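Observations on the three-dimensional arrangement
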Amino acid sequence: MPGAARRESARENEMSEQQTTETGAETYDVQAVQDKWLPVWDQLQPFRADDDSPREKKYALTMFPYPSGDLHMGHAEVFAIHDVIARYWWFRGFEVLNPMGWDSFGLPAENAAIRNDEHPATYTYANIETQLHSMQRYATSFDWSRRLHTSDPEYYRWTQWLFLKIRERGLAYRKNSPVNWCPQDQTVLANEQVLADGTCERCGAEVTKRELTQWYFKTTDYAQELYDGLDALQDTWIGKVVNAQRNWIGRSEGAHVDFVLDGRDEPVTVYTTRPDTLHGATFMVVAADAGLAAEVVTDEQRPAYEAYVEEIRKASDIDRLATDRPKTGVFLGVHATNPVNGERIPVWAADYVLADYGTGAIMAVPAHDQRDLDFARKFDLPVRMVVDTGEEDPASSYVATTGDGTYVNSGALDGIADKATGIRTTIEQLQAAGTGEGTVNFRLRDWLLSRQRYWGCPIPIIHCEACGEVPVPEDQLPVELPELRGADLKPKGTSPLGAATEWVEVDCPSCGGPARRDTDTMDTFVDSSWYFFRYLSPHDDTQAFDTALANAWGPVDLYIGGDEHAVLHLLYARFFTKVLRDIGLIDWDEPFSAYLSQGKVINNGRKMSKSLGNGISLGDQLDEFGVDAVRLTLVFASPPEDNIDWADVSPAGSLRFLQRAWRLANDVTSEPGADVTTGDRALRQLTHRTVHEAEVLVESYRFNVVIARVMELVNATRKAIDSGCGPADPAVREAAEAVAIVLSLVAPYTAEEMWERLGHRPTVARADWPVVDPALLVEDSVTAIVQIQGKVKARLEVSPDITEADLEALALADPGVVAAIDGRPVRKVVVRAPKLVNVVV
RNA sequence: GCCCCCGUAUCCCAAUCGGCAGAGGAAGCCGCCUUAAAAGCGGCGUGGUGUGGGUUCGAGUCCCACCGGGGGCACCA
């Protein structure tokens, strides 16, 4: 048992730390320092945000956790990173809103309740208390007065209210459609919750399809704005997240083209990104599972069509998602007319055309689209090249050509050699003829939010046979969950709420007749799409949040979280924000001005997992090395967005450093307030440079480098004490105080202890950030390098404000340089005073 | 297949505007301390920046191609 062995050795360390060394020097007792300061901070409450403060406001936000068990290494990392920023903002004079809460609805609690025959709240709230305790011990700077839980009726009352507001705007609707169904969890999943291999992201079961009537939010109404908004976030959000959102929204430009179908009044509209290849359309394909196919199929072909639909229904999602599987399809017996050349082309149904993308129908141009070409080969349909790219004719090569080329067989386009012109010309033609138009299409679908589970926010709708969907009146909110527990919650394909008869059966609020409550609950992503508004006034029982407060504090200045939410949660929160703006509740457009994602904590190159037996227990690490050393290790290991391999880092080394820093405070012998201007200049310069760099580095999230700089200062101060200006020099005090203050961003216990030993009152967290003296940032002299052909040949100590002419003269007079030039004619001299001279010969 | 990001020492990682490749840590090695070991303290930097081109007085940094790794999207028309 390595864990037990580690705890054993930790206990031995503690015992030895309580003794003093033979020289009488005290040793740093990690646990005692932690026990000492936690209650002091608890009393001082240094991080409570005041809404009425005259200071400039900052909103620091970290994704709130789901309460499953205790905190783990991943939480420890994100809280450590987040705390650097939050504490830094306080130091720099901002009033900082730094709240924390729990995303406390969700499946694990429900599963635990079934397993243990209890209520999901039991598991949920017990874990919240455990995590709260751990977060406090971890010395996070959260303002606990703003704590919230999304599973509290006081919270979900307003989730329901927002749902009704969104519905009033026509942005929530029900529709019957095939949806992703997880047979394991017995619930519907959003597209986002189905992995690329067709399995459930939560339980790994193979996802199937079901026809159900479900609630949706119209995220597609905001597709363009959600896409365009990313431009403004390009520089302040971590790049990969912006890229992931762009890919997810999937904007494409193309055209709608109308094809008249034999015997049908309404033309069929197809979506294409290549309207310029319209002359090469040799057949049309409609999605086999769309209503259109069933409608237009001829009686003669209907049996074949129905057999085909039956066949593809049986295919699993995994089969469907394999990109290299052979094309299948069936002829529908009808023909369509190509609007640009009047040609009649056959209409087929196939499953490679998706019902819910574009119009669910395509024009097939086999010469210039590989999928269409594969289909054409399979069913022996004609292939007509209309863009001559110089490559072999796709009709014989079986390789579709997609590049630029010269148009052929394309009427008015013939001879044009530019794709953009071809597309534009065709769209103009179509528009003039009234048979098509340029359009923009998105991959993004509407957000399916119904879940057939218990432990979530009830949907505040009553279904009445006479009145239809009736919203629960606002004064009757919240619609609280009925008391269900244990076996009542077992998945059975319909929502467990349906079994709570007394709860379900209600009088219609509109007509008073018998009616039934909606028995689904909302996707928990709804809860987390607006929690950052609720933090502004979490106890307000008159409104979801206060508009004035939202406009004062918002948007969030920096949001930190995991990559796993790069698309879903962040996109939904952006959607909610835009809707709330349109409702008139806020006056800004984007919820998170900056976004930083933290990497994962892994071990030995692999994700930590029970099955691999490579898990690292946060609790064990904290017991062995202390909170500060673990926090320091996590922040120092790498830039925040990189993964941290616990096998590559050294919490023992972190602890060693903290002890060295702590010892500085003990060694300082000058009094607080000593006149620093008389202190050792070299050390003072380093101190001021370190503080200045810390500012720049924190603001650019390079926290690992901040720590390296503090380590440098600690090393230099140690040297100054032992073999330099000595412990009484005020510069040593200045350095040690700067170390304590900067270090408090990441190691609050050690910093607090140092601060006290330096003769100050707690808390260092609210001490004055050192004022950087610009005069001390200027070097007394700098080393100028002299290069010949870019190779360093000499170094010169010069004044930092030397002129270019003086530096050049000095360089060319240097004996080493003269020797290196060796009499060759100087062709050019590049001077960058005061650092460099490059002589070209 | 399309789109993003990253390759620096044994390892984790630094390197404002293109300007001396090395700040910090880990490991290792050498000392000091110790009866000894561990811990502690002090010291030592070993590669020329994945590869090949290009631009430039000068490239880790900019451009192109390729290789390797990671991520997003994907029968999305």
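Residues numbered from 1 in each chain as written. Chains lettered and ligands numbered in written order. Predicted model: local features only at pLDDT ≥ 70, side-chain atom pairs only at ≥ 80, totals over all residues. Heavy atoms only, no water.

Regarding empty space enclosed by the protein
Heads up, the rule is: Here a cavity means grid points, on a 1 Å grid over the protein atoms only, where a 1.4 Å probe fits yet cannot get out; a pocket means an open set of points with protein on both sides within 12 Å along at least five of seven lines; lining residues are those with an atom within 4 Å of a point. Grid points are joined across faces, edges and corners, and a volume is the space filled by probe spheres set on the points. Every helix listed is a DSSP run of H or I at least four residues long, and every strand listed is a run of E at least two residues long, numbered separately from the N terminus.
Summed over the entire model, instances satisfying the criterion amount to four cavities of 30 Å³ or more. Lining the largest cavity we find 16 residues, and of these Leu-107, Arg-202, Arg-451, Arg-453 and Thr-524 sit closest to its centre. Every element with two or more residues in the lining of the largest cavity is listed here: helix H4 (107-116), strand S4 (187-189) and strand S21 (521-522). Take the lining of the largest cavity: its biggest share by element is three residues, from S4. If you add up the space inside the second largest cavity, you get close to 60 Å³. Along its surface, the second largest cavity is lined by Val-84, Val-635, Phe-703, Val-706, Ile-707, Val-710, Val-742, Leu-743, Leu-745 and Val-746.

Description of the protein's contact with RNA strand B
Worth spelling out the cut-off: Think of it this way: one heavy atom of a residue within 4 Å of a molecule or strand is enough to make that residue near it. Think of a polar contact as two N or O atoms within 3.5 Å of one another; within protein, one of them needs to be a possible hydrogen donor and the other a possible acceptor, and neighboring residues in sequence only count if both atoms come from side chains.
For RNA strand B, the set of nearby residues contains 51 residues, the closest of which are Arg-371, Arg-443, Arg-656, Met-711 and Asn-838. When atoms of RNA strand B within 4 Å of the protein are sorted by moiety, sugar and phosphate together comprise 63%. In this structure, a phosphate oxygen belonging to RNA strand B sits 2.5 Å away from a side-chain N or O atom of Tyr-357. Note that a base nitrogen of RNA strand B is positioned 3.1 Å from one of the side-chain N or O atoms of Gln-787.

Side note on the pairing of strand S7 (residues 268-272)
Put simply, the rule reads: Accessible area is worked out with a 1.4 Å probe on protein chains only. A residue is then buried under 20% of its type maximum, exposed over 50%, and partly exposed in between. A pair of strands is labelled paired if DSSP reports no fewer than 2 bridges between them.
Of all five residues in S7, four are buried; the element is thus mostly enclosed. For strand S6 (residues 252-261) and S7, the ladder comprises five bridges, and the chain directions are antiparallel. Among the inter-strand pairings, Phe-259 is bridged to a residue of S7, identified as Val-268. Between S6 and S7, which pair antiparallel in sequence order, lie six residues; one of them, Gly-263, sits at a positive phi of approximately 70°.

A word on the sheet that holds strand S29 (residues 828-832)
As a reminder, the rule being used: For helices, the axis comes from a line fit to the C-alpha atoms of the stretch in contact; other axes are also lines fit to C-alpha atoms, and the angle between any two N-to-C directions lies between 0 and 180 degrees. For this analysis, residues touch if any pair of their heavy atoms sits within 4.5 Å.
Taken together, four strands build an open sheet; the order of strands is S28-S27-S30-S29 and the sheet is mixed. Among the strands making up the open sheet, the edge pair consists of strand S28 (791-798) and S29. Strand-to-strand twist of the sheet, defined as the mean angle between neighbouring strand axes without regard to direction, takes the value 15°. In this sheet, S28 lies alongside strand S27 (residues 782-788) in antiparallel orientation, the contact comprising seven bridges. In the strand pairing of S28, Ile-788 is matched with Lys-791. Here helix H27 (residues 804-813) sits on the sheet and contacts S27, S28, S29 and strand S30 (836-840); the angle it forms with S29, its principal contact strand, is near 125°.

Describing the sheet that holds strand S22 (residues 558-562)
Across the sheet, which stays open at both edges, the four strands sit in the order S2-S1-S22-S23 with parallel pairing between neighbours. Lying at the two open borders of the sheet, with one neighbouring strand each, are strand S2 (95-97) and strand S23 (595-598). With direction set aside, neighbouring strand axes in the sheet form an average angle of 20°.

What about the nonpolar core?
We count it as follows: Throughout, nonpolar core names a set of buried Ala, Val, Leu, Ile, Met, Phe, Trp, Tyr and Cys residues whose side chains join them through atoms within 4.5 Å.
Phe-163, Phe-217 and Leu-743 are the most contacted members of the largest nonpolar core, which has 188 residues in total. Examining the composition of this core, we find that 13 residues originate from one element, helix H3 (residues 73-91), more than from any other. Sequence-distant contacts of Leu-743, defined by excluding residues within four places in its chain, comprise Phe-657, Leu-658, Ala-661, Val-710, Pro-748, Thr-750, Ala-751 and Met-754. Counting 42 residues, the second-largest nonpolar core is a separate cluster that includes Val-257, Phe-283, Ile-345 and Ala-376.

Points about the pattern of salt bridges
Condition: The term salt bridge refers to a pairing of a side-chain nitrogen on Lys or Arg with a carboxyl oxygen on Asp or Glu at a separation within 4 Å.
According to the stated counting rule, one finds 41 salt bridges in the structure shown. Salt-bridge contacts for Glu-695 lead to Arg-92; the nearest nitrogen and oxygen are separated by 3.6 Å. With Glu-695 in helix H23 (residues 681-699) and Arg-92 in the loop between H3 and S2, this pair connects stretches of sequence that are 603 residues apart. The class for Glu-695 is buried, based on a relative accessible area of 13%. On the basis of relative accessible area, Arg-92 is assigned to the partly exposed category, the value being 34%.

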